[in-house]
Amino acid sequence: MSLSLASRSTARARSVIFRRQLHASHGVRSPHGEYHHLPFAWPHDKKTSFALKLTAYLGFGFAIPFIAGAYQLKKSGA
């Protein structure tokens, strides 16, 4: 009886520790006290070029499965 109780309390303690590790880390603050939620500096004066680069990057990543599917269909002769 006492072994099952001990194993249950150990399992409960492990689950509490695991749940604590799942929390997000605190936000990063700059030396001036401003909150930064991105891991890079936001391009203040280059928003257009940043938007174009981001769109190209995300668009290419989205298109890869379609390009691969078209290639496989063309390769099989369908």
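Computed from a predicted model, the values in this text were never measured in an experiment.

*Asks:* Before we go on, may I ask you to explain the overall build of the chain in this structure?
*Replies:* Scanning the chain for helices and strands turns up 2 helices and 2 strands. Helices and strands appear in the chain in the N-to-C order α-β-β-α. Looking at the chain as a whole, 3% of its 78 residues qualify as buried. Surface accessibility of the chain: about 7,700 Å² in total, with carbon and sulfur atoms responsible for 67%.

*Asks:* I would appreciate a short explanation of the packing of aromatic side chains in the present structure.
*Replies:* One pair of aromatic rings is described through two measures. These are the centre distance and the angle between the planes. Enumeration over the complete set of coordinates arrives at 1 aromatic pair. Between F62 and F66, the ring centres sit 5.5 Å apart and the planes meet at 50°, which makes this aromatic pair tilted. Note that F62 and F66 are positioned in helix α2 (residues 47-76) at a spacing of 4 residues, about one turn of the helix. Of the two residues examined, F62 and F66, each falls in the exposed class.

*Asks:* Got a minute to help me understand the UniProt feature "transmembrane region" (unreviewed entry) in the chain in this structure?
*Replies:* UniProt tags residues 54-73 as "transmembrane region" (unreviewed entry). Here residues 54-73 is 100% helix and 0% strand, with 29 Å between the C-alpha atoms at its ends.

*Asks:* Hey, could you run me through the confidence of the model for the chain in this one?
*Replies:* When pLDDT drops low, the exact placement of atoms in the prediction is not to be read closely. Here the chain shows a mean pLDDT of 77. Residues at 70 or above account for 54%. The secondary structure element of the chain with the lowest average pLDDT is strand β1 (residues 28-29), at 59, and the one with the highest is α2, at 94.

*Asks:* Just to check I follow, could you spell out α2 for this structure?
*Replies:* A turn of α-helix holds 3.6 residues, and therefore any two residues three or four places apart point the same way. In a regular helix each residue adds 1.5 Å, so 30 residues correspond to 44 Å; α2 covers 43 Å between its end C-alpha atoms and thus fits that length. The axis of α2 is deflected most strongly, by about 35°, at A63, and proline P65 appears within four residues downstream. For α2, the buried fraction is low: 0 of the 30 residues fall into the buried class. In the stretch just after α2, G77 is the one whose phi turns positive, near 90°.

Parameters and conventions
Residues numbered from 1 in each chain as written. Predicted model: local features only at pLDDT ≥ 70, side-chain atom pairs only at ≥ 80, totals over all residues. Heavy atoms only, no water. Helix = DSSP H or I, 4+ residues; strand = E, 2+ residues; numbered from the N terminus. Buried < 20%, exposed > 50% of the residue type's maximum accessible area, 1.4 Å probe, protein only. Areas by Shrake-Rupley, 256 points an atom, 1.4 Å probe, with all protein chains shown as cover. Phe/Tyr/Trp six-rings, centres within 6.5 Å; stacked < 30°, edge-to-face > 60°. UniProt positions renumbered as here; feature names shortened; annotations may be inferred. pLDDT = per-residue confidence, 0-100. Expected span 1.5 Å × (residues − 1). Bend = angle between axes of the 7 residues up to and from the residue.

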